[in-house]
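One letter stands for each residue in the lines below.
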Amino acid sequence: GPIRGMYNCEGQMFVVSGRTMYRISSAGVGIPAGTIPGVGRVSISHNQFKGGNQVLVTNGSPGGGYVYDTQTQQFNRISDPGFPGSLMTAYVDSYLLGVEPQGRFWFHSNLADANDYNTLDRYEAEAAPDRIVGIAVSQFEVWTFGERTTECFGNTGGATGTFQSRRTSIERGCASRWTIQNLDNSIFWLGDDGIVYRLEGYGARRVSTVPLERAIAANRLQDAFAFTWEDKGHKVYYLTMPDGHTWGYDVVSGIWHRRESYGLNRWRLNDAVRWNGAWYGGDFQDGRIWQLDWEYPA
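Keep in mind that this is a model prediction, so the values were computed, not measured.

Rules used in this analysis
- Residues numbered from 1 in each chain as written.
- Predicted model: local features only at pLDDT ≥ 70, side-chain atom pairs only at ≥ 80, totals over all residues.
- Heavy atoms only, no water.
- Helix = DSSP H or I, 4+ residues; strand = E, 2+ residues; numbered from the N terminus.
- Contact = heavy atoms within 4.5 Å.
- 1 Å grid on protein atoms, 1.4 Å probe; cavity = no way out; pocket = protein on both sides within 12 Å on 5 of 7 lines; lining within 4 Å.
- Points joined across faces, edges and corners; volume = space filled by probe spheres on them.
- Phe/Tyr/Trp six-rings, centres within 6.5 Å; stacked < 30°, edge-to-face > 60°.
- Buried < 20%, exposed > 50% of the residue type's maximum accessible area, 1.4 Å probe, protein only.
- Polar contact = N/O pair within 3.5 Å; in protein donor to acceptor, adjacent residues only side chain to side chain.
- Salt bridge = Lys/Arg side-chain N within 4 Å of Asp/Glu carboxyl O.
- Pairing = 2+ DSSP bridges.
- Axes fitted to C-alpha atoms, helices over the stretch in contact; angles between N-to-C directions.

**Q** Help me out: how do you make sense of the environment of Q48 in this one?
**A** Tracing the chain through its elements places Q48 in strand β5 (residues 43-49). Each C-alpha atom of the pair Q48 and P2 lies 29 Å from the other, and the pair is 46 residues apart in sequence. Apart from the residues within four sequence positions on either side, Q48 is in contact with N53 and A112.

Pasting the structure below:
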């Protein structure tokens, strides 16, 4: 450990613990799949590929992209010179998306192949010259979150330069890429001003409260991260400040609450994912994976 990322790829669970990516068997056994350098959080997405899937893992380093083929069970580092490394990854229209490690542009793979890239398929922010912090997809649109602004791109169907700016932007940036999460057919993120926002149409709606924002302001915003959880009618955006607390926003009730684990001010989970009919969370201290249960405190 610690758990750096968890992902459900069409029923197969993948976990990055320490420097190793594991495929979790149906019996709960971790089978090593490959090595992911680094110690920080990772971003994971997947596509369809030759009767199976390609699972793409990025660690934010130049050239740091790793692909696991679920059909052949082969693991490789992306060697295409057109791949610059990526801060985050996402999926839309059979393309895998990424953000160049310095935030200068975002890009995508060639159609349905996580190992193949064209240097012509790169896009800079157009609404403002701030660097790109992270990326997310909602309703077939690509949203790029910058340090001060957020911009929307759409697929125009071109062979190259496939995506174009919608000429729509939000004058609000993102404090930490790891707070960008999809939930309830929308996107949530921690703004550069320390306020939590929800995407509504082509605008940002504030969902945090003044007391919560005061508590957030006492922490390092750039270290914040979030994950989502949905069960028994609840849809929750969990935001953790590693040097502070963990807060959860239930979009159904519109109410915030706190989570903490025994002996800690924060919830010990670094990530959470639904798999095999249950929810599982990864520990921020070591390689433990917890199964969440309504009858037990976490």
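Moving on from the model shown.
**Q** Got a minute to help me understand empty space enclosed by the protein in this structure?
**A** Left-over empty space is what a probe sized like a water molecule reveals as it rolls over the atoms. Within this structure, the stated rule accounts for one cavity of 30 Å³ or more. Space inside the largest cavity adds up to approximately 40 Å³. Considering the residues around the largest cavity, the lining is formed by A125, D130, I132, T144, F145, G146, T149, T150 and E151. Looking at the lining of the largest cavity, the elements with two or more residues in it are β14 (141-146) and β15 (150-155).

**Q** Even after reading the chapter, I still don't get the packing of aromatic side chains, so can you show me in this structure?
**A** Each aromatic ring pair is specified by the distance between its two centres and by the angle formed by the two planes. Taken as a whole, this structure holds 23 aromatic pairs when the rule is applied. Aromatic pair Y123 and F153: ring centres 6.4 Å apart, planes at 55 degrees, arrangement tilted. Placement of the pair is Y123 in strand β12 (residues 113-123) and F153 in strand β15, with a sequence separation of 30 residues. F153 sits in the buried class, given a relative accessible area of 1%. Ring pairing ties together the aromatic residues Y95, W106, Y123, F153 and F163, which thus form one cluster.

**Q** I tried to follow the side chain of H46 on my own but got confused; where do I start?
**A** Relative to the helices and strands, H46 is located in strand β5. Residue H46 is classed as buried on the basis of its relative accessible area, which comes to 14%. A polar side-chain atom of H46 sits 2.6 Å from a polar atom in the side chain of Y7. Here E10 takes part through its side chain, which lies 2.8 Å from a polar atom of the side chain of H46. In this structure, H46 is in contact with Y7, C9, E10, N53, Q54, V55, Y91 and L96, ignoring residues within four places of it in sequence.

**Q** Can you walk me through the pattern of salt bridges in this structure?
**A** Any two side chains of opposite charge can pair, given that their charged atoms come close. Considering all chains together, one arrives at 14 salt bridges under this definition. One salt bridge connects D283 with R288, and the closest N-O pair in it is separated by 3.5 Å. According to the relative accessible area criterion, D283 is buried, its value standing at 0%. What you see here is one network of salt bridges that share partners, running through R268, D283, D286 and R288.

**Q** I would appreciate a short explanation of the sheet that holds β14 in the present structure.
**A** Strands pair in a sheet through their backbones, by hydrogen bonds, and they do so in one of two ways: parallel or antiparallel. Strands sit in the order β13-β14-β15-β16 across an open sheet of four strands; the sheet is antiparallel. Two strands bound the open sheet, and with one partner strand each, they are β13 (132-138) and β16 (163-170). Ignoring which end each strand starts from, the neighbouring axes of this sheet average 25 degrees apart.

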